[in-house]
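# Coordinates in review
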Amino acid sequence: MTVTAEREESKSESKKRPALPDRRGYFGEFGGKYVPETLMAALEEFEDVYRKVRRDRSFRAELDDILRDYVGRPTPLTEAKKFAELCGGFRLFLKREDLNHTGAHKINNAMGQALIAKRMGKQRIIAETGAGQHGVATATACALLGLQCVVYMGEVDMARQELNVFRMRLLGAEVVPVTSGSRTLKDAINEAIRDWVTNVRTTHYIIGSVLGPHPYPMVVRDFQSVIGREALAQIRKKVNMLPNVAVACVGGGSNAIGLFHEMVKHEGIRLVGVEAGGRGPKLGEHAARFSGGALGVLHGTRSMILQDPFGQIAETHSISAGLDYASIGPEHAYLQGIGRVEYHDCSDDLALEAFHKLSESEGIIPALESAHALGWLLHNGSSIARDAVVIANLSGRGDKDVPQVAELLSKTHQ
Ligand SMILES: *Cc1c(COP(=O)(O)O)cnc(C)c1O
């Protein structure tokens, strides 16, 4: 397709799809603002300021400068020929979010929100983190911009991710251990919400994925959509066409929406989100919300949620901490419902296989999260045409996962 034809196509197509979320913060029946009354004013202020700065030249210039000179954007688009052969032989390009400062895509959003907090005159930032990646990205943004930073983290996660706890403290953040419930991510989120209710006048809460009450899913998506914008421009330069397939792993869903957002209007691009299949399909053994979940509300938003028959939030499991969450971003639930994006899952074992294969064939150690997208390609690549162009989002680097993989290997070799 010529570039002009493409422009025409995207013009007519963008007319068909309404801009979402709607004014109330819904993507179809998903999303919304399920929060205590005391937070409503803060969410409205956040949305107002966001809508203003989005059109503000000086804000965009400031963010663009930071993304270029500090974060390291644009990230490269790297062809992975040998790994593609292992998958079935299409043309595979990796969007290298692993090369961002702090090692993943999370900094794109943390930096954007920290800049908004500054514009709102809020000097104190809170965040919550599971594996520590979002905590590190937020602590980094706060160090750069001179903001106070408090990160809530479950005690169990702090023990599992000691190095990231130390990193956050080096960056000047206060890391608060959470000792309630299962002492993991969902308890840390509850604690962060409690803090926010108490300190809302001075404090901005930086949510790390396309989750939480409106306007977070929209704001985080917009800050991450730089991934897909760059990828489309880069693939046009390299092969002079749109990709046939784009694939990304889905925890809350921010790296996937980041890749997909500019592609949704191009109906010809097959979009694939990959959830954590964990150890198997039994409730509690995975984090595949679309195959095992049901409609519900968690942490401020209505979406597909893993829950027991009584509506209690289910435990989840994944080899990768970043995909291990009971809910999924509401826009993903919407895109699944209208059939625009397909969702599949990839097991722990297959992700681990892809982790090794990409390392050996390309010299790139992927994050275990990103390895789920690659695992899906390994297993399903033969269904993709040999002349197809595929973009996979390499959401982060695997350095953080090396100790965990080493331990798994030592167990299997005993
Ligand atoms: C946090 C994280 C994820 C999962 O979060 P999304 O919001 O689904 O992108 C994926 N990959 C990496 C490297 C992460 O750090």
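The rules behind each value
- Residues numbered from 1 in each chain as written.
- Predicted model: local features only at pLDDT ≥ 70, side-chain atom pairs only at ≥ 80, totals over all residues.
- Heavy atoms only, no water.
- Pairing = 2+ DSSP bridges.
- Helix = DSSP H or I, 4+ residues; strand = E, 2+ residues; numbered from the N terminus.
- Axes fitted to C-alpha atoms, helices over the stretch in contact; angles between N-to-C directions.
- Near = heavy atom within 4 Å.
- Polar contact = N/O pair within 3.5 Å; in protein donor to acceptor, adjacent residues only side chain to side chain.
- Areas by Shrake-Rupley, 256 points an atom, 1.4 Å probe, with all protein chains shown as cover.
- Nonpolar A, V, L, I, M, F, W, Y, C, P; charged D, E, K, R; others polar.
- Domains from an automatic or database assignment.
- Contact = heavy atoms within 4.5 Å.
- Parallel < 35°, antiparallel > 145°, perpendicular 65-115°, else oblique.
- Phe/Tyr/Trp six-rings, centres within 6.5 Å; stacked < 30°, edge-to-face > 60°.
- Buried < 20%, exposed > 50% of the residue type's maximum accessible area, 1.4 Å probe, protein only.
- Buried area = accessible area lost by both parts, 1.4 Å probe.
- Salt bridge = Lys/Arg side-chain N within 4 Å of Asp/Glu carboxyl O.
- Patch = residues over 30% accessible without salt bridge, like charges linked within 9 Å, V, L, I, M, F, W, Y side chains within 5 Å.
- Core = buried A, V, L, I, M, F, W, Y, C linked by side-chain atoms within 4.5 Å.

The four strands lie next to each other as 7-6-5-8, forming an open sheet whose pairing is parallel. Looking at strand neighbours, the two that pair on one side only are strand 7 (174–178) and strand 8 (203–205), the edges of this open sheet. Going from strand to strand, the sheet's axes swing by 25 degrees on average, the running direction of each strand aside. Relative to strand 8, strand 5 (residues 124–129) is paired through three bridges, and the arrangement is parallel. Considered in strand 8, the bridge of Ile 125 is made with His 204.

This part is about the site of the ligand. The ligand sits among 17 residues. The nearest are Lys 106, Ser 209, Gly 251, Ser 254 and Ser 395. Between Ser 395 and the ligand, the recorded distance is 2.7 Å, taken from a side-chain N or O atom to a nitrogen atom. Contact with the protein chains hides 96% of the accessible area of the ligand, taken as 380 Å² for the molecule alone. For the shell around the ligand, the class distribution of residues is four nonpolar, eleven polar and two charged. Structurally, the shell around the ligand is a two-domain feature, drawing no fewer than three residues from each of domain 1 (32–70 + 106–220) and domain 2 (74–103 + 226–412).

Now for the sheet that holds strand 10 (residues 270–278). What the six strands build is an open sheet, ordered 3-4-14-9-10-13; its pairing is mixed. The strands lining the two open edges of the sheet, one partner per strand, are strand 3 (77–79) and strand 13 (341–347). Strand after strand, the sheet turns through a mean of 25 degrees between neighbouring axes, direction not considered. Helix 11 (residues 226–239) rests against strand 3, strand 4 (91–96) and strand 14 (389–394) of the sheet, and its axis sits at about 140 degrees to strand 4.

In this section: the packing of helix 6 (residues 133–145) against helix 8 (residues 162–170). Helix 8 packs onto helix 6 with a crossing angle of 10 degrees between their chain directions and a minimal axis gap of 9 Å. When the axes of helix 6 and helix 8 are compared, the pair comes out roughly parallel. Along the contact surface, helix 6 presents Gln 133, Gly 135, Val 136 and Ala 139, while helix 8 presents Asn 164, Arg 167 and Met 168. Broken down by class, the residue content of the contact of helix 6 with helix 8 amounts to three nonpolar, three polar and one charged.

Moving on, we come to the side chain of Gln 307. Here Gln 307 is to be found in the loop between strand 12 (301–305) and helix 14 (330–337). Polar side-chain contacts of Gln 307 include one of 3.3 Å to the backbone oxygen of Leu 295. Not counting residues up to four positions away in its chain, the partners in contact with Gln 307 are Leu 283, Ala 294, Leu 295, Gly 296, Gln 312, Ile 313 and Ala 314.

Our next topic: the packing of aromatic side chains. Counting across every chain of the model gives six aromatic pairs. Residues Tyr 50 and Phe 223 carry aromatic rings whose centres are separated by 6.0 Å and whose planes lie at 75 degrees to one another, so their mutual orientation is edge-to-face. Remark: Phe 223 occurs in helix 10 (residues 216–224) and Tyr 50 occurs in helix 2 (residues 37–54); sequence separation between them is 173 residues. For the pair Tyr 50 and Phe 223, one class covers both residues: buried. When the centroid spacing of 5.7 Å and the interplanar angle of 70 degrees are considered together, the rings of Trp 196 and Tyr 205 count as edge-to-face. For the pair shown, Trp 196 and Tyr 205 are each scored as buried. Members of the aromatic cluster, each reached through a chain of ring pairs, are Phe 46, Trp 196, Tyr 205 and Tyr 216.

Another point: helix 10. Burial runs high along helix 10: nine of the nine residues are buried. Listed as buried for helix 10 are Tyr 216, Pro 217, Met 218, Val 219, Val 220, Arg 221, Asp 222, Phe 223 and Gln 224.

Helix packing geometry: the angle between the two helix axes and the distance between the axes. With their axes 13 Å apart at the nearest point, helix 15 (residues 348–362) and helix 17 (residues 402–412) run at an angle of 110 degrees to one another. Here helix 15 lies roughly perpendicular to helix 17, going by the angle between them. Of helix 17, the residues touching helix 15 (which contributes Leu 352, Phe 355 and His 356) are Val 405, Leu 408 and Leu 409. Looking at the contact of helix 15 with helix 17 residue by residue, the classes come out as five nonpolar, one polar and no charged.

Let us now look at the domain arrangement of the chain. Once the domains are mapped, the chain shows domain 1 (32–70 + 106–220) and domain 2 (74–103 + 226–412). Summarising the inter-unit geometry, the C-alpha centres of domain 1 and domain 2 are found 23 Å apart. Facing the 26 residues of domain 1 at the interface are 25 residues of domain 2. Counting each side, the surface lost to burial between domain 1 and domain 2 is near 2000 Å², with a carbon and sulfur contribution of 65%. Looking at the side of domain 1 facing domain 2, the largest losses of area belong to Tyr 34, Val 210 and Leu 211, adding up to 27% of the total buried there. Across the contact surface, domain 1 and domain 2 share zero salt bridges. One can count five residue pairs in polar contact (both at pLDDT 80 or more) joining domain 1 with domain 2.

Tracing the backbone shows Glu 331 in helix 14. When neighbours within four sequence positions are excluded, Glu 331 is seen to be in contact with Phe 27, Arg 221, Ile 257 and His 261.

Residues Phe 166, Leu 170 and Leu 171 make up a contiguous nonpolar surface patch of about 310 Å² in total accessible area. Looking at the secondary structure, you find Leu 171 in the loop between helix 8 and strand 7. Given the relative accessible area of 31%, Leu 171 is considered partly exposed.

What follows covers the nonpolar core. Ile 116, Met 168, Trp 196 and Tyr 205 are the most contacted members of the largest nonpolar core, which has 60 residues in total. Look past the residues within four positions of Trp 196 in its chain and what remains in contact with it is Leu 39, Ala 42, Leu 43, Ile 126, Thr 203, His 204, Tyr 205 and Tyr 216. Counting residues in each nonpolar core, the second largest holds 35 residues, with Ile 235, Ile 257, Met 304 and Val 341 among its members.

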